[in-house]
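Survey of secondary and tertiary structure
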Amino acid sequence: MKIAIVVGHNSRSQGARRVDGRTEFEWNGELAALIQDHNPEAVRVFMRTPGGGYSAEIDRVYAEVDAWGADCSLELHFNGAADPRANGCLTLTSGTKGSLDLAARVHRECLLVMQGRDRGIEQRDRHERGGRSLWQGKAPAIMTEPYFGSSAEEARRANARIDQLAEAIYRGACVFCQVKA
């Protein structure tokens, strides 16, 4: 079992900012390390390195995931909106059988922990926003956005439950890998 965790964004382009100022790259880097702590032999964290533009960064990180031989990959994000009342959990999938199965398992686990609005599982074409990450690698891939960082309530809940969220994401990916085997 090899679970690849890709931290969304990078040190130069850190993504959305939460209400407390923490970025997607920063917060999800911490979450990724906690996921890896569950099984350092089976979980590897991959970081997008800046340089060459968005497409080159995605291509490079997913080439690294492929070279490692991942059974699945999960890219970590959180959502943001101008309206601080926006909330909920969203998971993105390529729509392939493996990606849909992985998305369903991880999404369900994230919902149980975050206990927010279910924004569902959305399919992305390779040319839509986020699609390149879902289609570039060989392994089934998803992008998880378990909460809105622009919501003070959800950001507090995510901080308080980060350990449980890491365990939930790991558990969902493990079940996927066991069923796939």
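For the structure, see preceding data.
A brief structural summary. (Residues numbered from 1 in each chain as written. Predicted model: local features only at pLDDT ≥ 70, side-chain atom pairs only at ≥ 80, totals over all residues. Heavy atoms only, no water.)

1. Comments concerning the overall build of the chain
Tallying secondary structure elements over the chain gives six helices and six strands in all. In terms of overall size, the chain behaves like a compact globule, its C-alpha atoms giving a radius of gyration of 15 Å where 181 residues would be expected to give roughly 16 Å. Taken over the C-alpha atoms alone, the chain extends approximately 40 × 35 × 30 Å along its principal axes. In the chain, which comprises 181 residues, the share counted as buried stands at 50%. By sequence separation, contacts in the chain at least 24 residues apart represent 77% of the contacts at least 6 residues apart. Roughly 8200 Å² of accessible area belongs to the chain as shown, and the carbon and sulfur atoms make up 47% of that amount. When the 24 basic and 24 acidic side-chain charges of the chain are each reduced to a single mean position, those positions are 2 Å apart. (Helix = DSSP H or I, 4+ residues; strand = E, 2+ residues; numbered from the N terminus. Rg over C-alpha atoms; globule rule 2.2 N^0.38 Å. Buried < 20%, exposed > 50% of the residue type's maximum accessible area, 1.4 Å probe, protein only. Contact = heavy atoms within 4.5 Å. Areas by Shrake-Rupley, 256 points an atom, 1.4 Å probe, with all protein chains shown as cover. Lys, Arg positive; Asp, Glu negative; His and termini not counted. Charge placed at Lys NZ, Arg CZ, Asp CG, Glu CD.)

2. Description of the pairing of strand β4 (residues 89-93)
The element β4 is extensively covered by neighbouring structure, given that five of its five residues are classed as buried. What you see with β4 is no split at all: Cys89, Thr91 and Thr93 on one side and Leu90 and Leu92 on the other are buried throughout. The pairing of β4 with strand β5 (residues 118-123) spans five bridges and is parallel. Directly across from threonine 91, in β5, lies its bridge partner isoleucine 121. Read as a crossover between parallel neighbours, the route from β4 over helix α3 (residues 97-114) to β5 is right-handed. The pairing of β4 with strand β6 (residues 141-145) spans four bridges and is antiparallel. Paired with threonine 91 across the bridge in β6 is threonine 144. (Pairing = 2+ DSSP bridges. Right-handed = clockwise from strand over helix to strand, strands pointing away.)

3. Notes on helix α1 (residues 24-37)
An ideal rise of 1.5 Å per residue puts 20 Å on 14 residues; α1 measures up with 20 Å between its terminal C-alpha atoms. Among the residues of α1, Glu24, Phe25, Trp27, Asn28, Leu31, Ala32 and Ile35 are the ones counted as buried. Take α1 and look down its axis: the buried residues cluster within an arc of 160 degrees, on one side only. (Expected span 1.5 Å × (residues − 1). Arc of directions from axis to C-beta.)

4. Focus: the sheet that holds strand β3 (residues 72-76)
An order of β2-β1-β3-β6-β4-β5 is seen for the six strands of this open sheet, with the pairing classed as mixed. The open sheet has two free edges, formed respectively by β2 (43-47) and β5, since each of these has just one partner strand. Along the sheet, successive strands turn relative to each other by an average axial angle of 20 degrees, direction set aside. Relative to the sheet, α1 contacts β1 (3-7), β2 and β3, its axis offset from that of β2 by approximately 160 degrees. Helix α2 (residues 54-68) contacts β1, β2 and β3 of the sheet and is inclined by roughly 160 degrees relative to β2. (Axes fitted to C-alpha atoms, helices over the stretch in contact; angles between N-to-C directions.)

5. Examining the nonpolar core
Membership of the largest hydrophobic core comes to 34 residues, with the highest contact counts inside it found for Ile3, Leu31, Ile35, Leu74 and Ile169. When residues of this core are traced back to their parent elements, those giving at least two are β1, α1, β3, α3 and α6 (162-180). Contacts of leucine 31, omitting those with residues within four sequence positions, involve Leu76, Ile162, Leu165, Ala166 and Ile169. Grouped together as the second largest cluster of nonpolar side chains are 10 residues, Ala4, Val65, Trp68 and Ala70 included. (Core = buried A, V, L, I, M, F, W, Y, C linked by side-chain atoms within 4.5 Å.)

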